[in-house]
Amino acid sequence: MNMPDPTIIERVLENKATEGESREVAHWFRTPEGQAWLSKRMDQDERAINLGDEEAWIDHRVPSREMYEAIMLRLRRRRIRRWMMYAAAVLLPVALMVGLFMRLDLREDSLFDKNYKEINVPYGERKRVLLPDGSEVYLNAGSVMRYPQKFDSSVRKVYLEGEAWFEVASHEAWPFVVDISCMEIKVLGTSFDVIAYPEEDSVLIFLETGSVELTSDSLRAYSLRSGEKAVYNKISDSCSVSPVPNVSMRSAWRNHVLVFEKTSLSEVIKTLTRTFNIVFKVKEPAALRYTYTITFDHMDLESILTDLEMISPVRFEEKERYVEVSLRK
């Protein structure tokens, strides 16, 4: 496993990283390279602490009184073991790992379980997955799904990052749950589309058939009926539910159809980036003020860019490794 970007590691150590970044660094810390890096980092930090000043570094609450007393006793008896002080001060390495796992809703034990399968869909691809209960899932580009090889007898639970369309097999006494970190989607038998990319500010859920219930620690429960969508804003921690005409078109991507309805150019670019695994560079930010309502029933990037140019003054120029976005003169 390659070393994560150093800036991401620093954000994780400062507890400022996203869930995806925290998981990436946690995985790497489990490797020999990650453990060696962590040990070296601890050595560097402990050298920056003057002998005799250890207690000044402990200026926050620790996980338990027992842990605090044990560490303080060790510090008084053997100050040359300064790494213990560092562990108390910044919770590394053991407490760091615990903190990361708690940040992931205490789900890492199950996600690292060998009985779980993980499906990663790279940019430019889509995948169809048949779950153990007979439910069908289509995963869009840039998505990750984890699920057990055998569902628990009380609940069918999967974990999702990204976009997926679900057609859940109906089992009245066997609920199906999609965990998207910030909330859970509970269903029995239904079909719906979920857009929950970690880097996005919002989560969108489009219900085609059946009914679902959205629940989280901070929100009241929200119920959706067929033909409705829910939009959850991660920043404001708010959720809204509204009807959507032709809701089935929201999952047309699984049939190689792209649908944009009053969609900003910035969102169009995000979709095309995932769909075709191509980088866009916006030369003139003013181009981002345009929105698009258009459907593409083909998956040819060059043709799509040509069609977009025909309905707006925005110009797309394909370079060797990216597409440059500007305005026509």
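Preceding this paragraph is the structure being described.
Residues numbered from 1 in each chain as written. Predicted model: local features only at pLDDT ≥ 70, side-chain atom pairs only at ≥ 80, totals over all residues. Heavy atoms only, no water.

Points about the overall build of the protein chain
When helices and strands are counted, the protein chain shows 10 helices and 18 strands. Considering the protein chain as a whole, with its 329 residues, one finds that 45% of them fall into the buried category. Put simply, of all contacts in the protein chain between residues at least 6 apart along the chain, 49% involve residues at least 24 apart. In the form shown here, the protein chain has an accessible surface area of approximately 17900 Å², with 48% of it arising from carbon and sulfur atoms. (Helix = DSSP H or I, 4+ residues; strand = E, 2+ residues; numbered from the N terminus. Buried < 20%, exposed > 50% of the residue type's maximum accessible area, 1.4 Å probe, protein only. Contact = heavy atoms within 4.5 Å. Areas by Shrake-Rupley, 256 points an atom, 1.4 Å probe, with all protein chains shown as cover.)

Brief notes about the environment of R289
The topology assignment puts R289 in the loop between strand 15 (279–282) and strand 16 (291–296). Overall, the relative accessible area of 58% leaves R289 in the exposed class. Considering only alpha carbons, one finds R289 and L265, 24 residues apart in sequence, at a separation of 7.0 Å. Engagement of the side chain of R289 in a polar contact is seen with the side chain of Y290, the distance being 3.1 Å. (Polar contact = N/O pair within 3.5 Å; in protein donor to acceptor, adjacent residues only side chain to side chain.)

A few points about the nonpolar core
By size, the foremost hydrophobic cluster in this structure holds 34 residues, and its most contacted members are M145, F166, I185, F192, I205 and L214. The greatest single-element share of this core, amounting to 4 residues, is contributed by strand 5 (residues 156–167). What L214 contacts, discounting residues up to four positions off in sequence, is M183, E184, I185, I205, R220, A221, Y222, L224, A230 and C239. Residues I294, F296, L308 and V323 belong to the second largest nonpolar core, which totals 22 residues. (Core = buried A, V, L, I, M, F, W, Y, C linked by side-chain atoms within 4.5 Å.)

Details of the pattern of salt bridges
A full pass over the atoms with the stated rule returns 12 salt bridges. In this structure, R146 engages E118 in a salt bridge whose closest nitrogen and oxygen atoms are separated by 2.6 Å. On the criterion of sequence distance, the pair formed by R146 in strand 4 (residues 143–148) and E118 in strand 1 (residues 116–121) is long-range, its members being 28 residues apart. Residue R146 is classed as buried on the basis of its relative accessible area of 6%. Residue class for E118 comes out partly exposed when judged on its relative accessible area of 41%. The salt bridge partner of R156 is D133, with a shortest N-O separation of 2.5 Å. Of the two residues, R156 is situated in strand 5 and D133 in the loop between strand 2 (127–130) and strand 3 (136–139); the sequence distance between them amounts to 23 residues. Residue classification places R156 among the buried residues on the basis of a relative accessible area of 0%. Taking the relative accessible area as the measure of exposure, D133 reaches 11% and is therefore buried. (Salt bridge = Lys/Arg side-chain N within 4 Å of Asp/Glu carboxyl O.)

What to know about the pairing of strand 4
Most of strand 4 sits out of view: 6 of its 6 residues are buried. The alternating pattern of strand 4 places S143, M145 and Y147 on one face and V144, R146 and P148 on the opposite face, and all of these are buried. The pairing of strand 1 with strand 4 spans 6 bridges and is antiparallel. Following the sheet pairing, K117 is matched in strand 4 by Y147. As paired elements, strand 4 and strand 5 share 3 bridges and run antiparallel to each other. (Pairing = 2+ DSSP bridges.)

Observations regarding the packing of aromatic side chains
Both the distance between ring centres and the angle between the ring planes are used here to describe each pair of aromatic rings. Summed over the entire model, instances satisfying the criterion amount to 7 aromatic pairs. Pairing F151 with W174 gives two aromatic rings, centres 6.3 Å apart and planes at 90°, and the pair type is edge-to-face. With a gap of 23 residues between them, F151 in the loop between strand 4 and strand 5 and W174 in the loop between strand 5 and strand 6 (176–179) connect regions that are remote in the sequence. By relative accessible area, F151 is classed as buried at 7%. Here the basic side chain of R220 rests over the ring of Y222, its NZ or CZ set 4.1 Å away from the ring centre. One cation-aromatic arrangement involves R254 over W165; the distance from NZ or CZ to the ring centre is 3.6 Å. (Phe/Tyr/Trp six-rings, centres within 6.5 Å; stacked < 30°, edge-to-face > 60°. Lys NZ or Arg CZ within 6 Å of the ring centre and 35° of its normal.)

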